[in-house]
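# Observations on the model geometry
Here are the chains, one letter per residue:
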Amino acid sequence: MDTSDVEDLITKLIEDNPGYDNLIFQVTSLVTTYPPPFLYINDPTTPRIASSVLRALLLGCSKLPLSASPQIRFAHVNAVACFTARLFYDTVLNAMARWTMKWEDGCENWSDQGSGQRWNESIDGFLHGLKAIYGAMGEVTSQKVKGKGKEKETEDGNVHWGGDFRMVLVVEKAERLKETLPDLMVPLTRLAELTQTQITVIFISSVRWQDIKPPFGASPGPYQIDICPPNKEATLSRLTQLFERESRSVTDIDPYHPALLPLYHHFCSILHSICSPFTHDPYELAYISAARWPGFVKPILDDHQHQIDLRRQQPDESEMDVEDHNFELQLAPPPEDTRMRLTRFFTPSFPAALEALYPRLTNAYSWARENAPESGLLALPPARASPIKTKPIAGVSNGQDVITSDVLPQMSKFILVAAFLASTNPAKTDLRMFGRGLDERKKKRRKGGGPRKGSGKNTVAKVPQRLLGPAPFPLDRLIAILGVLLEENDVDSRQIPPQFTIPGEYTDMEIGRVQVYAAIIELTQNRLLHRTTQPDRLEGPPMFKCGVSYDVVLALARDVGVPLNDLMWDPA
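All values reported here derive from a predicted model rather than from experimental measurement. (Residues numbered from 1 in each chain as written. Predicted model: local features only at pLDDT ≥ 70, side-chain atom pairs only at ≥ 80, totals over all residues. Heavy atoms only, no water.)

## So, the packing of helix α2 (residues 21-31) against helix α3 (residues 47-62)
- The N-to-C vectors of α2 and α3 enclose an angle of 35°; their axes lie 11 Å apart at closest approach. With respect to the hand of their crossing, α2 and α3 are arranged in right-handed fashion. Facing α2, whose interface residues are L23, I24, V27, T28 and V31, α3 presents A50, V53, L54, L57, L58 and C61.
- Taken together, the residues of the contact of α2 with α3 sort by class into ten nonpolar, one polar and no charged. (Axes fitted to C-alpha atoms, helices over the stretch in contact; angles between N-to-C directions. Helix = DSSP H or I, 4+ residues; strand = E, 2+ residues; numbered from the N terminus. Left-handed = near helix turned anticlockwise from the far one by under 90°. Contact = heavy atoms within 4.5 Å. Nonpolar A, V, L, I, M, F, W, Y, C, P; charged D, E, K, R; others polar.)

## Let's talk about the pattern of salt bridges
- Applying the stated criterion to the full structure yields twelve salt bridges.
- The closest approach of N and O atoms between R48 and D281, which form a salt bridge, is 3.7 Å. Separated by 233 residues along the polypeptide, R48 in helix α3 and D281 in the loop between α11 (261-275) and α12 (282-313) bring together distant segments of the chain.
- For R48, a relative accessible area of 43% gives the class partly exposed.
- Judged by its relative accessible area of 10%, D281 is buried.
- When the shortest N-O distance is used, the salt bridge between E193 and R190 registers 3.0 Å. (Salt bridge = Lys/Arg side-chain N within 4 Å of Asp/Glu carboxyl O. Buried < 20%, exposed > 50% of the residue type's maximum accessible area, 1.4 Å probe, protein only.)

## Observations concerning the packing of helix α10 (residues 232-247) against α11
- For the pair α10 and α11, the least separation of the axes is 10 Å and the interaxial angle reads 140°. Compared by their axis directions, α10 and α11 come out oblique. Once α10 is placed against α11, the crossing between them reads as right-handed. Contact with α10, carried on its side by K232, T235, L236, L239, T240, F243 and E244, involves L261, Y264, H265, C268, S269 and H272 of α11 and no other residues of that element.
- Each residue belonging to the contact of α10 with α11 can be placed in one class, and the counts come to six nonpolar, five polar and two charged. (Parallel < 35°, antiparallel > 145°, perpendicular 65-115°, else oblique.)

## Observations concerning helix α17 (residues 410-424)
- In this model, α17 (15 residues) spans 22 Å end to end at C-alpha, consistent with the 21 Å of a helix rising 1.5 Å per residue.
- With 13 of 15 residues buried, α17 lies mostly within the body of the structure. (Expected span 1.5 Å × (residues − 1).)

## Some remarks on unusual backbone geometry
- Even without being a glycine, K173 presents a positive backbone phi close to 55°.
- Using a relative accessible area of 31% as the deciding quantity, one classes K173 as partly exposed.
- In this model, R527 sits at a positive phi of 65°, which is unusual for a non-glycine residue.
- With respect to the helices and strands, R527 occurs in the loop between α22 (514-525) and β9 (529-531).

## Topic: helix α14 (residues 336-346)
- When we look at burial in α14, the residues that qualify are T338, R339, L342, T343, F345 and F346. Along the axis of α14, the buried positions cluster into a sector of 170°, meaning they face one direction only. Among the exposed residues of α14, those pointing more than 90 degrees away from its buried face are D337 and R344.
- Where α14 is buried, its residues touch α11, α12 and α15 (349-357). (Arc of directions from axis to C-beta.)

## Examining the sheet that holds strand β1 (residues 38-42)
- Reading across the sheet, the five strands line up as β2-β5-β6-β1-β7 and stay open at both edges, with parallel pairing between neighbours. What marks the edges here is a single partner per strand, and that holds for β2 (71-78) and β7 (223-226). Neighbour to neighbour, the strand axes of the sheet diverge by 15° on average, direction disregarded.
- With six bridges connecting them, strand β5 (residues 165-172) and strand β6 (residues 199-205) associate as parallel partners. Bridging from a neighbouring strand, V170 pairs with I202 of β6.
- Contacts between α3 and the sheet are confined to β1, β2, β5 and β6, with β2 contributing the most and set at about 155° to the helix.
- Each of β2, β5 and β6 touches helix α4 (residues 85-96); the most contacted strand, β2, lies at about 150° to it. (Pairing = 2+ DSSP bridges.)

## Description of the pairing of β6
- Burial within β6 is extensive, with seven of its seven residues counted as buried.
- The pairing of β1 with β6 spans five bridges and is parallel. When the sheet's bridge partners are listed, I41 is paired in β6 with I204.

So, in structure tokens, the structure goes:
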């Protein structure tokens, strides 16, 4: 068997897909020789890349001449897209038969010689459809190469695989079959046995086979291929390939200009060193790079455009000088000192991009636009330049702890004041600070408030809780303090219905409304409140901490008319 074409295919695939040498070599060797009926590929970090590599591999094997490989047809399906049995059957059969549905023909699925027979009624019909496709492949192959047996040596000395043809079925995200199509798990793993054809089934998944295999040993043991996470060299090579692919269509001054490739390689090296503890997926790193790279290279492009504008303003010179100027105005990589300055300037923004883009809290375009550097960045002193532009959240102005009164609703202001009091005052002082009788309209601070001053020389001065930072508090305590603040400071501004005759009855109803809890969730999402317990924790009440400073709460308290210092246990 002449393997020169197969070796060329393996070499090309390895160059195009760095880090997947083992997968490419094993699958190509098996598919073109004697493949097992069932393969399982486990890629826990980058299953999308493994799926694309396998698709390119099978596409290349299907185009090999008969002198180098048997005739191969393959179907590549996604278990997420094929969520019903009929959809799965039609997708596989149409791909195996190389059938394309047309609108003019009524989008009909493939049928054997136009008979109109349906192969998607059941698993039995699906197996008969695969047999029909396998038989049609045999007829086509026998017309191309005539001879007895699987191999026939011709005058050119090559061995033609005239009677050998096989099919390959690839199922991406195979772990979803256990949820959507559990009845197909066992038939798919035994597809070669059930159809009595040369068909190989390949599962690609991010979980192990032991976690999704059917019970009681119903499926045979697969030929397993485990893919390790890509190393730094392979990841940088793939990111560089994406840059080169983008730069092929670039002619003007652009962040993806071919002259900036060395700088981009250095940029990706820094990005990988920061993001590798959290993700090894090159696609995720490329997504973060797409948001940060235009801003990283913007000072260089601005400086280059400024030089071009200055040259255009100069008077015309000789033709030789113009040619020299055109040569000098070609975009070139920046010098070493500029590269190091850009690195020191933009490195703090990489973790911010990772935190916002990896969980998809925003998109790359919006983040790049919001964090675009200023013009003339290289001319600014380091103290005035910042690569991260803080976004105002819920009235917070550029991290200056200033909350405007027209941004937060009235209820949210009371919640923040109550949260600050709950984080500052000890829990055992709530009755003394907020308790009152039925006839009291306004709360008066009782005697004995504040920390007791110790006597003696060895007494250690106690640091106020306001200086130690916020302490966690349960949700029910926050609601209770909120009710007291509303009853004491907001009852006159509300119109109480006549059916509420007991003092505090209407306030108790107000603090139990859904809008109060929704406001607490919104403040937590905006980082004005911090939740200290896990959201999925069932035992115990949820715990929170106040996320704003004393100055902010003091301004909010003045706005809603709450005497903050009188309600603090230790206002010092």
